[in-house]
Amino acid sequence: MIRVKNLNKFFGEKQVLKDVSCEIQDNEVICVIGPSGSGKSTFLRCLNALEKAQSGTVELNKYQVTDPQTDLNSLRSHVGMVFQRFNLFPHMTALQNIRLAPEKVAGKSAAEGEKQARELLKRVGLEEKADAYPNELSGGQQQRVAIARALAMNPQVILFDEPTSALDPEMVGEVLDVIKSLAHHGRTMIVVTHEMGFARQVSDRIFFMDEGQIVETGTPAEIFDHPKTERARTFLSKVL
Ligand code: ADP
Ligand code: MG
């Protein structure tokens, strides 16, 4: 489903991705962990061409993401993204935020768009908040709306970049529960997270990144209980 080969990314002189290669299967749930500044967000953003690498290739389904000819709007309609900050449109209600792309980009009718948006709100436990504006919602609720909005295009892949890092601690659980409920429903998910309990529970595989490289990959048991590299051991000793 996703094949990354020899990806190199520089910001100026600084190399932030160093020859990164990996393969991710359909329906897999991957958590990406690693220290701050190790290139996790940049890696994620290269998968939907929000960042362009200087060399290497990314294939995602039928899309050659790194090919300049690729229709990025079409690509991105198949790849949902949920950010640390919820990025909802502040002048639109929860329902309107969710309806926007399906109706404006995918050409759904207003009736279909509304029906689907209400179903999605229900799925994230917020049916009663359809008409609330973002500033009337808690951070956890806003993030759940953002997840519903990402789901509205029925993406084959969803990328989450630290979806709970900007939340007050008491709201982390409700958002992680929603993400868990989405796993293994015919969708590939890649989640950058510092929530190690969640990563252990939800992932098929963990990618450990450090200094621009995927240093180690494995099942949660392999990574958390038997890390092979000193770098993973050192990181895990600080966060577990
Ligand atoms: P992580 O998500 O693991 O914390 P990032 O991918 O955000 O790491 O960043 C990797 C490195 O790239 C960091 O050193 C960061 O400062 C740098 N970086 C990220 N984005 C930019 C940018 N737009 N311009 C310059 N440097 C950047
Ligand atoms: Mg980041």
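Residues numbered from 1 in each chain as written. Chains lettered and ligands numbered in written order. Predicted model: local features only at pLDDT ≥ 70, side-chain atom pairs only at ≥ 80, totals over all residues. Heavy atoms only, no water.

A. Spatial organisation of the overall build of the protein. For the protein, the helix and strand inventory stands at nine helices and 10 strands. Rg of the C-alpha trace for the protein: 18 Å, near the compact-globule value of 18 Å for 240 residues, within the 12% margin. C-alpha extents for the protein along the principal axes are approximately 55 × 45 × 35 Å. For the protein, with 240 residues in total, the buried portion stands at 50%. Sequence separation of at least 24 residues holds for 64% of the intrachain contacts in the protein that already meet a minimum separation of 6. If you sum the accessible surface of the protein, you get close to 11,200 Å²; carbon and sulfur atoms cover 47% of it. Placing the 29 positive and 31 negative side-chain charges of the protein at their respective mean positions leaves the two points 2 Å apart. (Helix = DSSP H or I, 4+ residues; strand = E, 2+ residues; numbered from the N terminus. Rg over C-alpha atoms; globule rule 2.2 N^0.38 Å. Buried < 20%, exposed > 50% of the residue type's maximum accessible area, 1.4 Å probe, protein only. Contact = heavy atoms within 4.5 Å. Areas by Shrake-Rupley, 256 points an atom, 1.4 Å probe, with all protein chains shown as cover. Lys, Arg positive; Asp, Glu negative; His and termini not counted. Charge placed at Lys NZ, Arg CZ, Asp CG, Glu CD.)

B. Molecular detail of the sheet that holds strand β1 (residues 2-11). Read from one edge to the other, the open sheet built from four strands follows the order β2-β1-β4-β5, with strand pairing classed as antiparallel. Only two strands of the sheet have a single partner each, and these edge strands are β2 (14-24) and β5 (63-64). Both β1 and strand β4 (residues 55-60) contribute to a ladder of five bridges, which runs antiparallel. Considered in β4, the bridge of R3 is made with E59. (Pairing = 2+ DSSP bridges.)

C. Examining the packing of helix α3 (residues 94-104) against helix α4 (residues 110-123) more closely. At their nearest, the axes of α3 and α4 sit 9 Å apart, and the two run at 130 degrees to each other. By the angle between their directions, the pair α3 and α4 is classed as oblique. For the element pair α3 and α4, the recorded crossing hand is right-handed. Within the contact between the two elements, α3 uses A94, L95, I98, R99, P102 and E103 and α4 uses A110, G113, E114, Q116, A117, R118, L120 and L121. In terms of residue class, the contact of α3 with α4 is made up of eight nonpolar, two polar and four charged. (Axes fitted to C-alpha atoms, helices over the stretch in contact; angles between N-to-C directions. Parallel < 35°, antiparallel > 145°, perpendicular 65-115°, else oblique. Left-handed = near helix turned anticlockwise from the far one by under 90°. Nonpolar A, V, L, I, M, F, W, Y, C, P; charged D, E, K, R; others polar.)

D. Quick peek at the pairing of strand β7 (residues 157-161). Counting buried positions along β7 gives five out of five residues, so the element sits mostly inside the fold. Of the two faces of β7, the one carrying V157, L159 and D161 and the one carrying I158 and F160 are both buried. The pairing of strand β6 (residues 79-82) with β7 spans four bridges and is classified as parallel. Bridging across to β7, G80 finds its partner in I158. Relative to strand β8 (residues 188-192), β7 runs parallel, the two being bridged by five bridges. Opposite F160, over in β8, you have V191 as the bridge partner.

E. Region of interest: the pairing of β8. Taken across its five residues, β8 has five buried, putting it largely inside the fold. Here β8 shows two buried faces, one formed by T188, I190 and V192 and the other by M189 and V191. Considered for its hand, the β-α-β crossover made up of β7, helix α6 (residues 169-182) and β8 is right-handed. (Right-handed = clockwise from strand over helix to strand, strands pointing away.)

F. The arrangement of the site of ligand 1 in detail. Taken together, F11, K14, V16, P35, S36, G37, S38, G39, K40, S41 and T42 make up all the residues around ligand 1. In the model, an oxygen atom of ligand 1 is placed 2.8 Å from a nitrogen or oxygen of the S41 side chain. At 2.5 Å, a side-chain N or O of T42 approaches an oxygen atom of ligand 1. Notes on ligand 1: free accessible area 560 Å², of which the protein chains cover 60%. Considered class by class, the residues forming the shell around ligand 1 number three nonpolar, six polar and two charged. (Near = heavy atom within 4 Å. Polar contact = N/O pair within 3.5 Å; in protein donor to acceptor, adjacent residues only side chain to side chain.)

G. Spotlight on α6. Burial in α6 covers these residues: M171, V172, V175, L176, V178, I179 and L182. Looking straight down α6, one finds that the buried residues subtend no more than 155 degrees of arc, so they occupy a single side. Elements in contact with the buried residues of α6: α4, α5 (139-151), β7, β8 and α7 (196-202). H184 sits one or two residues past α6 and shows a positive phi near 60 degrees. (Arc of directions from axis to C-beta.)

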